[in-house]
Amino acid sequence: MWKRCGIIFLGFLTSVILAAENAPGQKLFSFVEQVLTQAYVNPREQNIASIVKQGQEKLDRLCQKISDCTFENAKRIVQSTLNVFGDAHLKFNATDLDNSDLGDPGSRFGFYVRYDELQCVVTYVYPESPAEKAGIQVGMKIVKVDNQTASPQSIVQRLREKEVSLSEAVIEVIKNGQERRFKIRATDTRGYIPVHYSVQTGIQVIRLLEAARFQEQLFHNIIKQIKSTTKAIIIDLRDNSGGTSITSMNIAAAFFDKPGRIMVQKDGVRWILEFNGLGIAWRNADDADQKGEFDGDLQETSKFVGKVAALTSKTTVSAGEQLAHLLQSSGVARVFGEVTAGGLDTSVDFKYYNEGGFLMYGTNRYQDLNGVWLPPRVTPDEIVPLDLDLLTQGRDTQLEAALKYLGQ
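Residues numbered from 1 in each chain as written. Predicted model: local features only at pLDDT ≥ 70, side-chain atom pairs only at ≥ 80, totals over all residues. Heavy atoms only, no water.

Draft legend 1. Quick look at the pairing of strand S13 (residues 280-284). Of the pairings in the sheet, the one linking strand S12 (residues 270-275) to S13 comprises 5 bridges and is antiparallel in character. What sits directly across from Glu274, in S13, is Ala281. Where S12 folds back onto S13 in an antiparallel hairpin, the turn is made up of 4 residues, including Gly277, whose phi is positive at roughly 125°. Across 4 bridges, S13 lies against strand S14 (residues 287-293) in antiparallel orientation. Bridge pairing in S14 links Trp282 to Gly292. Hairpin connection between S13 and S14: a loop of 2 residues separates the two successive antiparallel strands. (Pairing = 2+ DSSP bridges. Helix = DSSP H or I, 4+ residues; strand = E, 2+ residues; numbered from the N terminus.)

Below is the structure:
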């Protein structure tokens, strides 16, 4: 009888162990661990085994109760583990439209915000967007969303939630001591094309919120249109949510010849990418027979010869960082603003999790054409915080710094 009870207990214990191993949280972490060890390019050369071990220990403590070892709970541990790498490209998204996919809060409404402990301020309004049509303006302080007064961080979170559901939001703002109220609905597409405007006689600002392929010819068209009457250009890359390194090179070709990169795979194979007139030629650095060209959208290019400045923010990421770095490192532009997000030095791929969501991770590292590894972030030539108090009074401190340089 005791022997039989022992067998039953052993069977029960085995089932508990198997349940723990197959709990949703454990399965998610195992998936992430596999990608990190087998596919992630690890640009900072971090100790992957040590970081994973720390995350696993947190997960083990969580999973002492099988009921707590859920997908949602494990996702938080996964993201905190990924954050240790300091790589803006490394993150797990629970759905195809996670909050982290939305860029700066408010972007699907057509406006961008910056916030601190005290206030949440509109920093940019995209032309023809729901926000512009509603009457929202730069410098407005958002004090309520859907009649709820909250901290700036909570306001931002509420905006993200409304964007995910593509819902209507009631936004209350203050500007110049006056309160106003707006109703706007988030859109499911952005399609932000480059926008340009004159800021002083002979000085144009080109705002680029993404670096997507369809924007390449549009950007060169703007250069062609304005170059004869323009002595200086400010490339505004604040809040740029990225795109492709190919696009960043094609756009940079409006300012200097043959922008390029060396893309290094995880196995060490090096591919040289270089602008060749209307697109990017590629070749294997160690095998001359492997070469070709990427199909592009450029039909013609236009060159600008004059003074150039670029603006960056902590939300400038990926291909936006690539473009800023190309302009800065070539000596074309002086950069003003904030240190960027940290996705400059890798290109990304996605691994889909069969129970929902996907992991974004770096698959290649970048060098410049001299073989020097790219830094993770763009550090401006002049670090200039965006003063939110002055922005509510109509003054953009980062733009002012660029204008001062261009006027010298």
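There is more to say after this.
Draft legend 2. Broad picture of the sheet that holds strand S15 (residues 307-312). Strand order across the open sheet formed by 6 strands is S8-S9-S10-S15-S16-S19, with mixed pairing between neighbours. In the strand order of this sheet, the two ends are held by strand S8 (195-200) and strand S19 (382-383), each with one partner. Across the face of the sheet, helix H7 (residues 215-226) comes into contact with S8, strand S9 (203-207) and strand S10 (232-236) while running at roughly 170° to S9. Across the sheet, helix H9 (residues 319-329) lies against S10, S15 and strand S16 (333-337), angled at about 130° from S16, the strand it touches most. (Contact = heavy atoms within 4.5 Å. Axes fitted to C-alpha atoms, helices over the stretch in contact; angles between N-to-C directions.)

Draft legend 3. Structural detail: the packing of helix H3 (residues 48-62) against helix H4 (residues 71-83). Where H3 contacts H4, the axes come no closer than 9 Å and their chain directions differ by 160°. Here H4 runs roughly antiparallel to H3, going by the angle between their axes. The way H3 lies across H4 gives a crossing that is right-handed. Seen from H3, the contacting residues are Ile51, Gly55, Lys58, Leu59 and Leu62; seen from H4, they are Asn73, Ala74, Ile77, Ser80 and Thr81. (Parallel < 35°, antiparallel > 145°, perpendicular 65-115°, else oblique. Left-handed = near helix turned anticlockwise from the far one by under 90°.)

Draft legend 4. Up close: the pattern of salt bridges. Counted by the stated rule, this structure contains 19 salt bridges. The closest approach of N and O atoms between Glu161 and Arg158, which form a salt bridge, is 3.4 Å. Residue Glu161 and its partner Arg158 are located together in helix H6 (residues 152-164), separated by 3 residues, close to a single helical turn. On the basis of relative accessible area, Glu161 is assigned to the partly exposed category, the value being 37%. The shortest N-O distance in the salt bridge between Asp236 and Arg238 comes to 2.9 Å. Residue Arg238 is classed as buried on the basis of its relative accessible area of 6%. (Salt bridge = Lys/Arg side-chain N within 4 Å of Asp/Glu carboxyl O. Buried < 20%, exposed > 50% of the residue type's maximum accessible area, 1.4 Å probe, protein only.)

Draft legend 5. Representation of the environment of Ala88. Tracing the backbone shows Ala88 in the loop between H4 and strand S1 (91-93). Taking the C-alpha atoms as reference points, Ala88 and Cys120, separated by 32 residues in sequence, lie 23 Å from one another.

Draft legend 6. Structural detail: the layout of surface pockets. Quantified by volume, the second largest pocket comes out at close to 300 Å³. Lining the second largest pocket are 15 residues; nearest its centre among them are Thr123, Tyr124, Val138, Tyr197 and Asp396. Counting residues per element, the ones that place at least two in the lining of the second largest pocket are strand S3 (120-125) and S8. Per-element tally for the lining of the second largest pocket: the top contributor is S3, with 3 residues. Residues that form the lining of the second largest pocket fall into these classes: 8 nonpolar, 2 polar and 5 charged. (1 Å grid on protein atoms, 1.4 Å probe; cavity = no way out; pocket = protein on both sides within 12 Å on 5 of 7 lines; lining within 4 Å. Points joined across faces, edges and corners; volume = space filled by probe spheres on them. Nonpolar A, V, L, I, M, F, W, Y, C, P; charged D, E, K, R; others polar.)

Draft legend 7. Main features of empty space enclosed by the protein. Taken as a whole and assessed by the stated rule, the structure comprises 2 cavities of 30 Å³ or more. Its volume calculated, the largest cavity comes out at about 50 Å³. Contributing to the lining of the largest cavity are Arg114, Thr123, Arg207, Arg238, Asp239, Leu386, Leu391 and Asp396. Looking at the lining of the largest cavity residue by residue, the classes come out as 2 nonpolar, 1 polar and 5 charged. Its volume calculated, the second largest cavity comes out at about 30 Å³. Lining of the second largest cavity is provided by Phe29, Val32, Glu33, Leu36, Val52 and Thr81. Per element, the largest residue contribution to the lining of the second largest cavity is 4 residues, and it comes from helix H2 (residues 24-38). Per-class residue counts for the lining of the second largest cavity are 4 nonpolar, 1 polar and 1 charged.

Such coordinate-based values are descriptive only and should not be taken to indicate function.
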